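# Architecture and fold: a report
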Amino acid sequence: MADQRRQMQIGEVAERTGLSLRTIRHYEDVGLVTPSARSKGGFRLYTEADVDRLMVVRRMKPLDFSLEEMRDLLEITDRIAATDDPPAEEERRRLRERLDAYRKVADARCEKLRAQLMAAEDFAATLHRRLRDAA
């Protein structure tokens, strides 16, 4: 298991997440992820938890979630995982309902993408057949 306290500079985080430096900075500017610390020289320092958070955002992007939806989902998961002030039973139930609503939307969007991919693969196969037949 990786050391959760190990700190990485933005370049390493970009390499690990496949996100550009500009995108990571943008996500900080809009409040989706905040570096856990800053070096004495002012460089952003990230932990594994920060990388995990960026990966959640990265995975939501192709499913066309808005920045506001990403922020809301992250707030839900942060609150559910809170150990210093855990949610009471009723709040936890409401949070889980909201999280399940996001899961349902994600499932529906994945299904739509699968259908689009099938259509695109069918089209590519048609082009292959036409090229073969034209030879």
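Residues numbered from 1 in each chain as written. Predicted model: local features only at pLDDT ≥ 70, side-chain atom pairs only at ≥ 80, totals over all residues. Heavy atoms only, no water.

### Brief notes about the pattern of salt bridges
A complete count under the given rule lists 17 salt bridges for this structure. A salt bridge links R38 to E28, with the shortest nitrogen-to-oxygen separation between them at 3.3 Å. With R38 in strand β2 (residues 37-38) and E28 in helix α2 (residues 21-29), the pair connects residues that are 10 residues apart, well separated along the chain. Look at R38 and you get partly exposed, because its relative accessible area is 45%. Its relative accessible area of 18% is what places E28 among the buried residues. Residues K104 and D100 are paired through a salt bridge, measuring 3.5 Å at the closest nitrogen-oxygen approach. Within this pair, K104 and its partner D100 are both found in helix α5 (residues 89-134), separated by four residues, close to a single helical turn. (Salt bridge = Lys/Arg side-chain N within 4 Å of Asp/Glu carboxyl O. Helix = DSSP H or I, 4+ residues; strand = E, 2+ residues; numbered from the N terminus. Buried < 20%, exposed > 50% of the residue type's maximum accessible area, 1.4 Å probe, protein only.)

### Quick word on the packing of helix α1 (residues 10-17) against helix α3 (residues 48-60)
Packed helix pairs are specified by the crossing angle of their axes together with the interaxial distance, meaning the distance between the axes. α3 packs onto α1 with a crossing angle of 45° between their chain directions and a minimal axis gap of 10 Å. For the element pair α1 / α3, the angle class is oblique. Between α1 and α3 lies a crossing whose hand is right-handed. Residue-level contacts link V13, R16 and T17 of α1 to E48, V51, L54, M55 and R58 of α3. Counted by class, the contact of α1 with α3 contains four nonpolar, one polar and three charged residues. (Axes fitted to C-alpha atoms, helices over the stretch in contact; angles between N-to-C directions. Parallel < 35°, antiparallel > 145°, perpendicular 65-115°, else oblique. Left-handed = near helix turned anticlockwise from the far one by under 90°. Contact = heavy atoms within 4.5 Å. Nonpolar A, V, L, I, M, F, W, Y, C, P; charged D, E, K, R; others polar.)

### With respect to helix α4 (residues 67-81)
Taking 1.5 Å as the rise per residue, α4 with 15 residues should run 21 Å; its terminal C-alpha atoms sit 21 Å apart, in good agreement. When α4 is considered as a whole, its buried residues turn out to be M70, R71, D72, L73, L74, I76 and I80. Buried-residue contacts for α4 involve α3 and α5. (Expected span 1.5 Å × (residues − 1).)

### Points about the nonpolar core
As a rule of thumb, nonpolar side chains are buried together in soluble globular proteins. Residues V13, I24, Y27, L54 and F65 are the most contacted members of the largest nonpolar core, which totals 25 residues. Where this core is concerned, the elements lending two or more residues are α1, α2, α3, α4 and α5. Every residue in contact with V13, bar those within four places of it in the chain, is listed here: M8, I24, Y46, V51 and L54. (Core = buried A, V, L, I, M, F, W, Y, C linked by side-chain atoms within 4.5 Å.)

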